[in-house]
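Chain by chain, the residues run as shown.
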There are 2 protein chains.
Amino acid sequence: MPRDAETPGAAVGSPLAVRMDDVAERARVSRATVSRVLMGTARVSEATQVRVLDAMRELGYVPNTIAQGLAARRTDLVGLLLRDPRNPAYGLLHAEVQTEAARHGLQLISVVPTPTEGVEDELAGLRRLLGLRVGGLMVSTGVIRAADLEPFLDAVPVVSVGRIEEHPGIYGVSYDEDTNAAIVAGRVAEAGHRSVAVIIPDIRVSTAENRRGLGMAADLEGRGLDVHRVEANSFGTNVDGYDDVVSLVRAGSITAALFPSDWRALGFLDRADAEGLRVPEDMSVTGIDGVMPGIERMGLTSLRIPVREVAVRGVEVLDRMVRDRGSVEIRHERFPGTFLPGRTLGAPPPH
Amino acid sequence: MPRDAETPGAAVGSPLAVRMDDVAERARVSRATVSRVLMGTARVSEATQVRVLDAMRELGYVPNTIAQGLAARRTDLVGLLLRDPRNPAYGLLHAEVQTEAARHGLQLISVVPTPTEGVEDELAGLRRLLGLRVGGLMVSTGVIRAADLEPFLDAVPVVSVGRIEEHPGIYGVSYDEDTNAAIVAGRVAEAGHRSVAVIIPDIRVSTAENRRGLGMAADLEGRGLDVHRVEANSFGTNVDGYDDVVSLVRAGSITAALFPSDWRALGFLDRADAEGLRVPEDMSVTGIDGVMPGIERMGLTSLRIPVREVAVRGVEVLDRMVRDRGSVEIRHERFPGTFLPGRTLGAPPPH
DNA sequence: CTGAAAGCGCTTACAG
DNA sequence: CTGAAAGCGCTTACAG
């Protein structure tokens, strides 16, 4: 029966309205044969193949991925649940993951949560991807907990990229936040600071930043420094804790502030300007990430996280899991970054 | 018939393996009724509704979007084809579009092409989205031509965001690149420069950058300045043309270089440093975009494009088109940006 | 190498 | 208000 011209979402005459049956008819073969050519799996005679390919091209056929997925009970689609794309670290990760996915023949679709919303919104994004029944899932940093993922681990392989992961059912390819924290803390201590502030966001705001903050504080205390822990518990803003830091500096209680991200550190540098605080003469400031374009120009002392390595490895692992789940033993890998010297870390001011 | 335990992609016991029939059975209703509750369209008795909702929750049911889309011949999914996520302008756009889509109840999925590949790769991304039979499409800046989109316009509404658009079948919500170019050019001229370089990428590299470059050159020539057009035709790199600019400065032929993006301008500042050229004492440099985090700190003279306005308007229009195509008359809107003063534009050096 | 037919998990007239 | 049934556009055993 010919299709109704009213079929929504696929106007007649449009390539999107062309179905496999149309291709089959034009190529004078059965639908099954067209499918075989499309899949590239079964043997099809040379002549038939050419006819089918020609018909596809002539009609501008775009296979309906939806129907393919439903019929085959599988997809080449893999999903990426990405955190805040405004953050250059995630923007870069996004690009690298796509590049690698393409190399591996995986079709990447991405979902980003609304940056200013919390865990509920991230879960909605997760369901969007799961509803599409993606063949694999990459979860980038964010506030989704392993427990939220747990119910789905039997059905879909999950790789955590760039976020701390310790769940035994989730492969982890992360930045080594503890080592990173220790590297930055070590440099600050070596510069001679004895009393510093460390900005520590709540774990619900960012698991990575939380871990970095805690790591820096622990490391510095281990070295005998006096550490003021400054909480930053608001979601989607970087100004949290600035007031406290300024007060501490003014009171002569600290000579340096260690931020868990460049974003927070740079925001503070503007604030310091506004307050008339000179960096590094009056106080030192450090960040972490080191991937912002032009970071060297800004002179922020930071640590560069290995985004590309993490993307390459993450996709490699997911690809293996998608193809043969059993062949991959779950591990939690961590990649440390490299110190990025800058002009915002100096010796403490003489008092 | 109970499902085979081998069903791939949906292990038994996982919520992803739960089908609507399972929910129906547990709630002691028909599949049709479950569907009605899920859709929220038809009337269902209070009691039945509660039973169905309970069953869904107890089983952890995640509706199969694939099957829904196939059966309903429509989707709430809208696709965003985004250009290079490493570019902060697109990262910001991505975040804003998602925020707006969520407000409008649209489910956004994004596809990014591999940054270093060309138009073929972007077309593959387009097909990925079309294969999913998204209900609407937002196309961000990139090298895809209107002609590539044309065959699909009958079937799916398309809104161009942040990229020049002139096709009568595609709604355009763009940056006003011509005005933007004129603004920057005007400031350079006012600063007293009489001979400058304008970096002009090929249209296949970036339609937006191409337009900006041509616009700046035309405006300056209109003002009687001597303009050296520097081509930049490589894909995925910002260093193209740097050699030429350095030579022109060394030869005393120009006193300023106008780049069509901050990315290119910042890259050049590093090069200038390496060459021992002081900015703005020896030469002036300008960019365009103004959305990079910390841009003020870097001091680059630039122009800030109105990303949020474009995202808000683009999603608003797409939403209307998705709901009732006929209600929207195609237009091409343009939003100008605002000048961003910096330290890299000064008076020309005395010779 | 090729086709007829069942079935993927849903939605939606069509009846009641 | 609810159910039985057709059908969305495909893939894939099963036969030949």
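Everything quoted here is computed from the prediction, not taken from an experiment.

1. So, the UniProt feature "domain: HTH lacI-type" (unreviewed entry) in chain A
At step 1: Per the UniProt record, the feature "domain: HTH lacI-type" (unreviewed entry) sits at residues 18-72 of chain A.
At step 2: A helix fraction of 71% and a strand fraction of 0% characterise residues 18-72 of chain A, whose end C-alpha atoms lie 20 Å from each other.

2. Quick look at the pairing of strand β7 (residues 226-232) of chain B
Side-chain direction in a regular strand flips from residue to residue, so the side chains alternate between the two faces of the sheet.
Residues and elements named next belong to chain B.
At step 1: Sheet analysis places strand β6 (residues 195-201) next to β7, joined by seven bridges and oriented parallel. Bridged to valine 198 within β7 is arginine 229.
At step 2: With respect to chirality, the unit in which β6 leads through helix α9 (residues 207-222) into the neighbouring parallel β7 is right-handed.

3. Section: the sheet that holds strand β9 (residues 284-286) of chain A
Residues and elements named next belong to chain A.
At step 1: Taken together, the four strands give an open sheet; going across it, the order is β7-β6-β8-β9, and neighbouring strands pair in parallel fashion. Sheet topology places β7 (226-232) and β9 at the edges, where each strand pairs with a single neighbour. When the angles between neighbouring strand axes are averaged without regard to direction, this sheet yields 20°.
At step 2: Where strand β6 (residues 195-201) meets strand β8 (residues 256-258), three bridges bridge the pair, whose relative direction is parallel. Bridging from a neighbouring strand, alanine 197 pairs with alanine 257 of β8.
At step 3: Each of β6, β8 and β9 is contacted by helix α8 (residues 177-190), which is oriented at about 175° to β8, the strand it contacts most.

4. A short note on the nonpolar core
At step 1: Counting residues in hydrophobic clusters, the biggest one holds 50 residues, and the most contacted among them are Val245 and Phe268 of chain A together with Val245 and Phe268 of chain B.
At step 2: Excluding anything up to four places from it in sequence, phenylalanine 268 of chain B contacts Tyr242, Val245, Val246, Phe259, Met283 and Val285 of chain B.
At step 3: Listed in part, the 48 residues of the second largest apolar core include Leu132, Val139 and Ala155 of chain A together with Val139 of chain B.

5. So, the pattern of salt bridges
At step 1: Scanning the model with the defined rule gives 58 salt bridges over all chains in all.
At step 2: Note that arginine 334 of chain A and glutamate 166 of chain A form a salt bridge whose closest N and O atoms lie 3.6 Å from each other. Residue arginine 334 of chain A is found in strand β11 (residues 332-335), and its partner glutamate 166 of chain A is found in the loop between β4 (158-161) and β5 (171-175); the two are separated by 168 residues along the sequence.
At step 3: Using a relative accessible area of 34% as the deciding quantity, one classes arginine 334 of chain A as partly exposed.
At step 4: For glutamate 166 of chain A, a relative accessible area of 53% corresponds to the exposed category.
At step 5: Between arginine 334 of chain B and aspartate 178 of chain B there is a salt bridge, with the nearest N and O atoms lying 3.7 Å from each other. One end of the pair, arginine 334 of chain B, is in strand β11 (residues 332-335); the other, aspartate 178 of chain B, is in helix α8 (residues 177-190), with 156 residues separating them in the sequence.

6. Quick look at the interface of chain B and chain A
At step 1: Contacts between chain B and chain A engage 59 residues on the former and 59 residues on the latter.
At step 2: When the buried surface of chain B facing chain A is broken down by residue, Ile66, Arg133 and Arg297 of chain B rank first, second and third, together holding 14% of it.
At step 3: Our count for the contact surface shared by chain B and chain A stands at zero salt bridges.
At step 4: One can count 15 residue pairs in polar contact (both at pLDDT 80 or more) joining chain B with chain A.
At step 5: Every element with two or more residues in the side of chain B that touches chain A is listed here: α4 (65-72), α5 (88-103), β2 (107-111), α6 (119-131), α11 (262-275) and α12 (295-298) of chain B.
At step 6: A total of eight residues in the side of chain B that touches chain A trace back to one element, the largest contributor, which is α5 of chain B.
At step 7: Taken together, the residues that form the side of chain B that touches chain A break down as 35 nonpolar, 14 polar and 10 charged.

7. A look at the pairing of strand β3 (residues 136-140) of chain B
Residues and elements named next belong to chain B.
At step 1: The buried count for β3 comes to five of five residues, which makes it a mostly enclosed element.
At step 2: The alternating pattern of β3 places Gly136, Met138 and Ser140 and Leu137 and Val139 on opposite faces, both of which are buried.
At step 3: Inspection of the sheet shows strand β1 (residues 77-81) paired to β3 by four bridges, in the parallel sense. Pairing of leucine 80 across the sheet is with methionine 138, part of β3.
At step 4: Bridge count for β3 against strand β4 (residues 158-161) is four bridges, and the pairing is parallel. Within the sheet, the bridge partner assigned to methionine 138 lies in β4 and is valine 159.

Conventions we followed
Residues numbered from 1 in each chain as written. Chains lettered and ligands numbered in written order. Predicted model: local features only at pLDDT ≥ 70, side-chain atom pairs only at ≥ 80, totals over all residues. Heavy atoms only, no water. UniProt positions renumbered as here; feature names shortened; annotations may be inferred. Helix = DSSP H or I, 4+ residues; strand = E, 2+ residues; numbered from the N terminus. Pairing = 2+ DSSP bridges. Right-handed = clockwise from strand over helix to strand, strands pointing away. Axes fitted to C-alpha atoms, helices over the stretch in contact; angles between N-to-C directions. Contact = heavy atoms within 4.5 Å. Core = buried A, V, L, I, M, F, W, Y, C linked by side-chain atoms within 4.5 Å. Buried < 20%, exposed > 50% of the residue type's maximum accessible area, 1.4 Å probe, protein only. Salt bridge = Lys/Arg side-chain N within 4 Å of Asp/Glu carboxyl O. Buried area = accessible area lost by both parts, 1.4 Å probe. Polar contact = N/O pair within 3.5 Å; in protein donor to acceptor, adjacent residues only side chain to side chain. Nonpolar A, V, L, I, M, F, W, Y, C, P; charged D, E, K, R; others polar.

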